[in-house]
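Here is how the chains run, residue by residue.
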Amino acid sequence: MKTTLTRSLTLLAAIAALTGCAGMSHNQKNAAIGAAIGGVAGSVLTGGDTLGTIGGAAVGGVIGSGAVK
């Protein structure tokens, strides 16, 4: 129950943060979206491990920004 609540709150926080992206460039928006998706994926894949969540967010942000081609 606690893990489900934590994941739900994290997802809601990411959605709330993304609604404020109106003044961001296309690359910045993609990086934020990639970081959010990567963080959730990292958390799910590592069973909620903090390092996995942070690593997923970092990798997702880099990929989302288009730095990796």
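Not measured: the values here are computed from a predicted model. (Residues numbered from 1 in each chain as written. Predicted model: local features only at pLDDT ≥ 70, side-chain atom pairs only at ≥ 80, totals over all residues. Heavy atoms only, no water.)

## Let's talk about the side chain of Ser43
Move 1: With respect to the helices, strands and loops of the structure, Ser43 is situated in helix 2 (residues 26–45).
Move 2: With near-sequence residues (within four places) excluded, Ser43 lies in contact with Arg7, Gly48, Gly52 and Thr53. (Helix = DSSP H or I, 4+ residues; strand = E, 2+ residues; numbered from the N terminus. Contact = heavy atoms within 4.5 Å.)

## Digging into the environment of Asp49
Move 1: Tracing the backbone shows Asp49 in the loop between helix 2 and helix 3 (50–65).
Move 2: With relative accessibility at 39%, the residue Asp49 sits in the partly exposed group.
Move 3: Through-space distance from the C-alpha of Asp49 to that of Ser65 is 24 Å; in sequence the pair is 16 residues apart. (Buried < 20%, exposed > 50% of the residue type's maximum accessible area, 1.4 Å probe, protein only.)

## With respect to the environment of His26
Move 1: With respect to the helices and strands, His26 occurs in helix 2.
Move 2: For the pair His26 and Ser65, spaced 39 residues apart in the sequence, the C-alpha separation amounts to 8.5 Å.

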